[in-house]
Amino acid sequence: MSLCQYENQCGGCPTIAEPLDSQKKAKLKFLALRLNVTSDFINWMAPGSVRLRDRADLTWIKGQGLGLYHKDKYEIVDLENCPMMSAPLEKWMQDFRKI
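Residues numbered from 1 in each chain as written. Predicted model: local features only at pLDDT ≥ 70, side-chain atom pairs only at ≥ 80, totals over all residues. Heavy atoms only, no water.

K.L.:
Explain unusual backbone geometry to me, and be specific about the residues and the numbers.
P.N.:
Note: most peptide bonds trans; most residues except glycine with negative phi. Positive phi is not limited to glycine here, since Asn36 has a value of about 60 degrees. Inspection of the secondary structure assignment puts Asn36 in the loop between helix 1 (20-35) and strand 1 (59-61). For Asn36, a relative accessible area of 71% gives the class exposed. Unusually for a residue other than glycine, Arg51 sits at a positive phi of about 60 degrees. Examined against the element boundaries, Arg51 turns out to sit in the loop between helix 1 and strand 1. On the basis of relative accessible area, Arg51 is assigned to the partly exposed category, the value being 37%. (Helix = DSSP H or I, 4+ residues; strand = E, 2+ residues; numbered from the N terminus. Buried < 20%, exposed > 50% of the residue type's maximum accessible area, 1.4 Å probe, protein only.)

K.L.:
Go over the packing of aromatic side chains, please, and point to the residues and values.
P.N.:
One pass over the structure, following the stated rule, counts two aromatic pairs. For the ring pair Tyr69 and Tyr74, a centre distance of 5.2 Å and an interplane angle of 20 degrees mean the geometry is stacked. By relative accessible area, which is 30% here, Tyr69 ends up partly exposed. Given the relative accessible area of 71%, Tyr74 is considered exposed. Aromatic side chains Trp92 and Phe96 sit 5.1 Å apart centroid to centroid with 20 degrees between the ring planes, which places their arrangement in the stacked category. Of this pair, Trp92 and Phe96 both sit in helix 2 (residues 87-97), four residues apart, which is roughly one turn of the helix. Take Phe96: its relative accessible area is 34%, and that puts it in the partly exposed class. (Phe/Tyr/Trp six-rings, centres within 6.5 Å; stacked < 30°, edge-to-face > 60°.)

Right under this line is the structure:
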């Protein structure tokens, strides 16, 4: 089962469909290269796999809705919910949608 119903559309979490281990390896490689250290030098800590975002750059476009940009097109993915948003942020988004 998918973590997010929008994973094939939403550009907000481009690696959400990848296994956490693959995400970890890619992030360690990225950081090690930029910091000019070995990946062993980096202490990896993951706070979890969902509800990690306390901020989102949401966009509202009349006729398209409120959400994040599509990962392949210049249009909005109208988000009714988001498993990566913290509970307070997701509640704010849902309340804002009612305005």
